[in-house]
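So the chains spell out like this:
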Amino acid sequence: MRDISLHILDIVQNSIAAQATIVEIEVCEDKIHDTLTISISDNGSGMDRQMIEKILDPFCTTRTTRKVGLGLPLLKAAAERSGGYIHIDSKLGKGTTVKAVFRISHIDRPPLGRLDRTIVSLIVCNPEIEYIYRHITDKGEFVLDTRDIKRKIEGISITQPEVLKFIGEYIEDGIRKIGGGVIS
């Protein structure tokens with residue numbers, strides 16, 4: 001995958017397949033410690049210890065439509081190529097957290113990508129899921145919570161083009177205000 005936002009999209013699709021109703025996406029750009037940390041947490045069905053040990057194998061997948069699952073192995077490879085790592089924590093019936101850490105300054109770190117477009121795409125495709133997107137930098141924090149947006153637009157679908165346009169611009173502006181995304 002060309003950029004980290006596409007990895008996020010792929011991992012969130014796993015959350016959706018696990019019947020999550022809430023997905024939290026956190027991006028933390030820590031230039032002081034030279035780390036970019038991506039964390040995706042959900043309240044889906046979770047995995048047992050045995051599945052967690054297998055899940056990074058590209059030939060292990062829970063999907064019936066294909067025999068390989070490349071999302072997590074590709075994320076792991078991208079993180080390790082840039083001097084980072086991946087950690088997965090999951091509990092059956094409780095949910096899963098996937099955390100990937102990259103060295104910001106590493107030449108092999110993929111670009112961050114267009115997180116505004118990624119989040120809007122997730123909302124369009126799965127409007128029934130609640131998304132909490134948090135972006136943290138050394139200069140501040142930006143948070144988008146679809147539950148707040150849905151309360152404010154009561155009676156209007158979150159997938160209306162005007163609402164989606166607002167969300168995309170709101171994310172882009174929020175990231176810019178905290179000095180984020182400069183590493184993309």
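Position numbers for residues start from 1 in each chain and track the written sequence from start to end. For this predicted model, a pLDDT threshold of at least 70 governs which residues receive local features, and a threshold of 80 or more governs which side-chain atom pairs are given and counted, while totals over whole chains, interfaces and linings are taken from all residues. Side-chain measures were taken over the full set of non-hydrogen atoms in the model, leaving aside hydrogen atoms and water.

Visitor: So what exactly am I meant to see when it comes to the overall build of the protein here?
Guide: Helix numbering and strand numbering both begin at the N terminus, where a helix is a DSSP run of H or I of at least 4 residues and a strand a DSSP run of E of at least 2. When you go through the protein residue by residue, the secondary structure sums to six helices and six strands. Along its sequence from the N terminus, the protein presents helices and strands in the succession α-β-β-α-α-β-β-α-β-β-α-α. Based on C-alpha atoms, the radius of gyration is set beside the globule rule, defined as 2.2 Å times the residue count to the power 0.38. Relative to its length of 184 residues, the protein is compact, with a C-alpha radius of gyration of 16 Å against a globular reference of 16 Å. Based on the C-alpha atoms only, the size of the protein along its principal axes is roughly 45 × 35 × 25 Å. Think of it in three bands: residues with accessible area under 20% of the maximum for their type are buried, residues over 50% are exposed, and the middle band is partly exposed, with areas taken using a 1.4 Å probe on protein chains only. Across the 184 residues in the protein, those meeting the buried criterion constitute 47%.

Visitor: Could you clarify how one ought to interpret the side chain of Ser41 in this entry?
Guide: For Ser41, the location among the structural elements is in strand 2 (residues 35-42). Any N or O atom pair separated by 3.5 Å or less is treated as a polar contact, with the protein-specific requirement of one donor-capable and one acceptor-capable atom, and with residues adjacent in sequence counted only for side-chain atom pairs. Of note is the side chain of Ser41, whose polar atom sits 2.9 Å from the side chain of Thr97. Among all residues touching Ser41, those that are not within four sequence positions of it are Ile22, Val23, Glu24, Thr96 and Thr97. Here, two residues are considered to be in contact whenever any of their heavy atoms come within 4.5 Å of each other.

Visitor: Whenever I open this one, the nonpolar core confuses me. Can you help?
Guide: As a rule of thumb, nonpolar side chains are buried together in soluble globular proteins. Among the nonpolar cores identified, the biggest contains 45 residues, and Ile8, Val12, Ile25, Ile38, Phe102, Tyr133 and Ile167 are the most heavily contacted of them. The residues contacting Tyr133, other than those within four sequence positions of it, are Ile25, Val27, Leu115, Ile119, Phe142, Val143, Leu144, Ile171 and Ile175. Joining through side-chain atoms within 4.5 Å is the link that ties buried Ala, Val, Leu, Ile, Met, Phe, Trp, Tyr and Cys residues into a set, and such a set is a nonpolar core.

Visitor: Honestly, the pairing of strand 2 in this entry has me stumped. Any pointers?
Guide: Note on strand geometry: in a regular strand, side chains alternate between the two faces of the sheet. Counting buried residues in strand 2 gives seven out of eight residues, a clear majority hidden from the surface. Paired strands are those between which DSSP finds at least two bridges. Note that strand 1 (residues 22-30) and strand 2 share eight bridges and pair antiparallel. Bridge pairing in strand 2 links Val27 to Ile38. The antiparallel pairing of strand 1 with strand 2 creates a hairpin that spans four residues between the two strands, and Asp34 there sits at a positive phi of about 60 degrees. Here seven bridges tie strand 2 to strand 4 (residues 95-103), and the two strands are oriented antiparallel to one another. Bridge pairing links Thr37 to Val101 in strand 4.

Visitor: Where do I start with the packing of aromatic side chains in this structure?
Guide: Given two aromatic rings, one states the distance between the centres and the angle between the planes to describe the pair. Ring pairs are drawn from Phe, Tyr and Trp, using the six-membered ring of Trp, whenever the two centres fall within 6.5 Å, and their geometry is named by plane angle: stacked under 30 degrees, edge-to-face over 60, tilted for the rest. Counting across every chain of the model gives three aromatic pairs. On the basis of an interplanar angle of 65 degrees and a centroid distance of 6.1 Å, the ring pair of Tyr133 and Phe142 is categorised as edge-to-face. With respect to class, Tyr133 is no different from Phe142; both count as buried. Through a chain of ring-to-ring contacts, the aromatic side chains of Tyr133, Phe142, Phe166 and Tyr170 assemble into a single cluster.

Visitor: Looking at this model, I keep getting lost on the sheet that holds strand 1. Mind explaining?
Guide: Backbone hydrogen bonds are what pair the strands of a sheet, in a parallel or an antiparallel way. If you walk across this open sheet you meet the six strands as 3-4-2-1-5-6, and the pairing is mixed. The two strands at the open ends of the sheet, each matched to only one other strand, are strand 3 (85-91) and strand 6 (140-145). Between one strand and the next, the sheet's axes are offset by a mean angle of 10 degrees, whatever the strand orientation. When strand 3 meets strand 4, the two strands line up antiparallel, connected through seven bridges. Bridge pairing in strand 4 links Ile88 to Val98. Packing against the sheet, helix 1 (residues 4-17) makes contact with strand 1, strand 2, strand 4 and strand 5 (130-137), and its axis sits at approximately 20 degrees to strand 2. Comment: axis = line fitted to C-alpha atoms, over the contacting stretch for helices; angle = value between 0 and 180 degrees taken between N-to-C directions.

What is shown is where atoms sit, not what they do.
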